[in-house]
Amino acid sequence: MRKPSNNYINIDGHSLKGKIATPAFELEVTGEAMLESAGSNPDIFLLFTNNPRGDRLKVGALWKRRSRGGGIAYLLLLHLHFGRWSAYLTRWHGRGDDTLWAVLPCDRDLLL
């Protein structure tokens, strides 16, 4: 299966890359692992992107959480110039591995 063109995060161990696009913005993000967990992936990634001049900017974070069903879930929060933007990550269907996640925007009031 081919890689999606938008709204995905690829987490492969301590490496994170992805692309998030909405009508308001489009970002290519990379992640820097912060805290180790007992599992294969870190608990927290700091998210970065590059501005048009090529400078690296911190734009948010990604947290690993336990889902209600007992599996792994991720919460993504971006701090942009016009406010915060949040999303949950779910497994990308039709892919044979556990590295590709779909980005599903959510209302930040639901996060509380």
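Look above for the structure.
Treat the numbers as computed from the prediction; the structure is a model and nothing was measured.

K.L.:
Sorry if this is basic, but what is going on with the pairing of strand β6 (residues 72-80) here?
P.N.:
Looking along a regular strand, one sees the side chains alternate between the two faces of the sheet. In terms of residue burial, β6 counts as a mostly covered element, since seven of its nine residues are buried. Looking at chain direction, strand β5 (residues 56-66) and β6 are connected through seven bridges and run antiparallel. Bridge assignment links Arg 65 to a residue of β6, and that residue is Ala 73. Across seven bridges, β6 lies against strand β7 (residues 83-91) in antiparallel orientation. Considered in β7, the bridge of Leu 76 is made with Ala 87.

K.L.:
Can you walk me through the pattern of salt bridges in this structure?
P.N.:
Should the charged atoms of two oppositely charged side chains come close, the side chains can pair. Under the defined criterion, the tally for this structure stands at two salt bridges. For the salt bridge of Lys 19 with Glu 26, the shortest nitrogen-to-oxygen distance reads 3.1 Å. Glu 26 gets classed as exposed once you look at its relative accessible area, which sits at 52%. Where Glu 32 meets Arg 56, a salt bridge forms, and the shortest distance between an N and an O atom there is 3.3 Å.

Rules used throughout
Residues numbered from 1 in each chain as written. Predicted model: local features only at pLDDT ≥ 70, side-chain atom pairs only at ≥ 80, totals over all residues. Heavy atoms only, no water. Buried < 20%, exposed > 50% of the residue type's maximum accessible area, 1.4 Å probe, protein only. Helix = DSSP H or I, 4+ residues; strand = E, 2+ residues; numbered from the N terminus. Pairing = 2+ DSSP bridges. Salt bridge = Lys/Arg side-chain N within 4 Å of Asp/Glu carboxyl O.

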